[in-house]
Amino acid sequence: MKLWGGRFTKETNQLVHNFNESLSFDQKFYRQDIQGSIAHVKMLARQGILSREDEEAIINGLSGILDDIQEGRLAIGSGAEDIHSFVEETLTQRIGEAGKRLHTGRSRNDQVALDMKLYTRDQILELKELLHQLLKELLTIMEEHIDTFMPGFTHLQKAQPITLAHHVGAYFEMFSRDKSRLHDIWERMNYCPLGSGALAGTTYNLDRAYTAELLGFYGPTLNSMDSVADRDYLLELLSAMSIIAMHLSRFCEEIIIWNTNEYRFVEIDDSYSTGSSIMPQKKNPDIAELIRGKTGRVYGAMISLLTTMKGLPLAYNKDMQEDKELTFDAIDTVKGCIQLFTGMISTMTFRKDVMERSAKNGFTNATDAADYLVKHGVPFRDAHGIVGRLVLFCLDKGIALDDMTLEEFQAISPVFQEDIYEAISMKTCVEKRTTIGAPGQEAMKQVIQTYKKMLEEETGNDK
Ligand code: ARG
């Protein structure tokens, strides 16, 4: 049955129905649709617009529908146009006349705006919780690897020695910004559109503050046209999720590189790897690659919705129905990626010895050798030149700076003394970097403490 059949004399063409319907995807928020309807009905009765008997019958009916769907006793279907029609139609079949009063003072335009907001709000909390779990895992790795030396890179060329804790800490920063971005979106979007009607409010004496309160919003939205036409919060979420996907993708790219036979910094666990159908020796980082690959879908969703919205006159237009599939897909994709990524890194082996050797063999302590000379009175520019010659010498012999004999050092500059070895050891190079934010152990410990407190204070899904 159509909610709007009265004005029509002909049946809808089947292709038109198929093209127009949204039930196949908006059934995802059946729970939120019923939750919103219950709040609406409570308000209508409180305002004397609906009798208490009707209120009771409707709420019982809606709760029954919710239970039946959840328990698998009621299948969402029946050829309804959307979830709103389906719920109302089922309600009326079950409780009769009273069911037809549910939609008093409401339009599907403010209803869908509400449902989507309620759904999004719940999903934001789930995303935050997943990020929280990821942050906890990152922190565990950091605590274990405060003295795992590795090369830090610029241009993918070995640059200066860092620790694994420091490298992972960079991602801790990224993902905690992501989490706080989600928090901001929640705060900004948490105003209730219900009661905005089709676009111009209604002539009933609705108490919008009451429904807003019942549904856990900070208050009602203040412009009914904007309320039914606003999809900014989805764009913000898609943008925040694009950034999350980008961060995951960057980390995955590094893990893929670190996992190669050439690097061997890490080994992805068998349970998170796949094999090749033809090459028996292969163990592929498919999960990392898929997460990197899925970033494209998430960006795509954001660009799609931006494009859909760009030419829309106020207020509601059916184009906006396109917000759903892409947002649902992006949310499910990003949630899956965070979860899989967390599992992958928590089972991954970090090869401390390989990382440290790589830092040594890449002249990452060259800057420190130059600093040694500066401390002994050599101008930095000259020191730079001297160490350049040391590097050339080592490259020629295929050795690291640490492997040079003192005589070899002194042949290039007599300033070098026995303590050069100590000065350019990985441990010294890292430990001397004591400023906050640097990889030195003491600085790192302080930062880890701060992160720990941060994670203890916030639960994952606090608002
Ligand atoms: N399925 C619609 C959507 O997702 C619900 C709103 C329908 N409103 C309307 N006037 N056709 O946007």
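Overview of the structure. (Residues numbered from 1 in each chain as written. Predicted model: local features only at pLDDT ≥ 70, side-chain atom pairs only at ≥ 80, totals over all residues. Heavy atoms only, no water.)

Bringing the site of the ligand into the picture now. In the region of the ligand, the neighbouring residues are S22, D82, H84, R108, N109, V112, Y316, Q321 and K324. Side-chain polar atom of S22 to a nitrogen atom of the ligand: 3.0 Å apart, as the coordinates give it. Within the contact set of the ligand, a nitrogen atom lies 3.0 Å away from a side-chain nitrogen or oxygen of N109. Calculation on the ligand without its partners gives an accessible area of 340 Å², and the protein chains cover 86% of this total. No other element matches helix α6 (residues 108-144), which puts 3 residues into the shell around the ligand. (Near = heavy atom within 4 Å. Polar contact = N/O pair within 3.5 Å; in protein donor to acceptor, adjacent residues only side chain to side chain. Areas by Shrake-Rupley, 256 points an atom, 1.4 Å probe, with all protein chains shown as cover. Helix = DSSP H or I, 4+ residues; strand = E, 2+ residues; numbered from the N terminus.)

Once that is clear, we can look at the pairing of strand β1 (residues 149-154). Two strands pair when backbone bridges link them, and β1 and strand β2 (residues 157-163) are joined in this way by 6 bridges, in the antiparallel orientation. The residue bridging M150 from the neighbouring strand is I162, located in β2. Here β1 folds back onto β2 in antiparallel fashion, the turn holding 2 residues, of which H155 has a positive phi close to 55°. (Pairing = 2+ DSSP bridges.)

Taking 1.5 Å of rise per residue, the 37 residues of α6 would be expected to cover 54 Å, and the 54 Å separating its terminal C-alpha atoms lies within 8% of that figure. With a side-chain oxygen lying 2.8 Å from the backbone nitrogen of N109, the N-terminal cap of α6 falls on S107. (Expected span 1.5 Å × (residues − 1).)

A few words on unusual backbone geometry. Between L314 and A315 the backbone carries a cis peptide bond, its omega angle lying at 0°. Of note, the phi angle at R264 is positive, near 55°, even though the residue is not glycine. Topologically, R264 is positioned in the loop between α10 (232-258) and β5 (266-267).

Bringing the pattern of salt bridges into the picture now. Per the stated rule, a full pass over the model turns up 29 salt bridges. Here R292 and E253 are joined by a salt bridge, their closest N and O atoms 2.4 Å apart. Here R292, found in helix α11 (residues 286-309), pairs with E253, found in helix α10; they are 39 residues apart in sequence, far enough to count as distant. The class for R292 is partly exposed, based on a relative accessible area of 30%. Note on E253: relative accessible area 33%, which makes it partly exposed. Among the ionic pairs, D368 bridges to K432, the shortest N-O distance being 3.8 Å. Placement of D368 in helix α14 (residues 366-375) and of K432 in the loop between α18 (426-431) and α19 (441-457) is noted, with a sequence separation of 64 residues between them. What makes D368 buried here is its relative accessible area of 2%. (Salt bridge = Lys/Arg side-chain N within 4 Å of Asp/Glu carboxyl O. Buried < 20%, exposed > 50% of the residue type's maximum accessible area, 1.4 Å probe, protein only.)

If you walk through the whole model with that rule in mind, you get 15 aromatic pairs. Between Y263 and F265 the ring centres are 5.2 Å apart and the planes differ by 70°, which places this aromatic pair in the edge-to-face class. The class of Y263 is partly exposed, set by a relative accessible area of 22%. On the basis of relative accessibility, which here comes to 1%, the residue F265 falls in the buried class. Through pairs of rings, three or more aromatic residues link up here, namely F153, W258, Y263 and F265. (Phe/Tyr/Trp six-rings, centres within 6.5 Å; stacked < 30°, edge-to-face > 60°.)

Moving on, we get to the side chain of N109. Examined against the element boundaries, N109 turns out to sit in helix α6. You can call N109 buried: its relative accessible area is 16%. A polar contact is formed between the side chain of N109 and the backbone oxygen of A198, at a distance of 3.2 Å.

Let us look at the environment of A57. Note on placement: A57 falls in helix α4 (residues 52-70). Overall, the relative accessible area of 25% leaves A57 in the partly exposed class. Separated by 55 residues in the primary sequence, A57 and V112 place their C-alpha atoms 23 Å from one another.

When you line up the elements, T104 lands in the loop between α5 (83-95) and α6. For T104, a relative accessible area of 18% corresponds to the buried category. With sequence-adjacent residues up to four places away left out, T104 is seen in contact with H40, L44, I49 and Y204. (Contact = heavy atoms within 4.5 Å.)

What follows deals with the nonpolar core. Counting residues in each nonpolar core, the largest one holds 104 residues, and the members touching the most others are L138 and F341. Among the elements that take part in this core, α10 stands out by supplying 16 residues, more than any other. Residues within four places of L138 in sequence aside, it is in contact with V168, Y171, F172, F175, F251 and I345. (Core = buried A, V, L, I, M, F, W, Y, C linked by side-chain atoms within 4.5 Å.)

What follows concerns the environment of L74. Positionally, L74 belongs in the loop between α4 and α5. Judged by its relative accessible area of 17%, L74 falls in the buried class. For the pair L74 and T90, spaced 16 residues apart in the sequence, the C-alpha separation amounts to 9.7 Å. Apart from the residues within four sequence positions on either side, L74 is in contact with I65, D68, I69, F86, T90 and R94.

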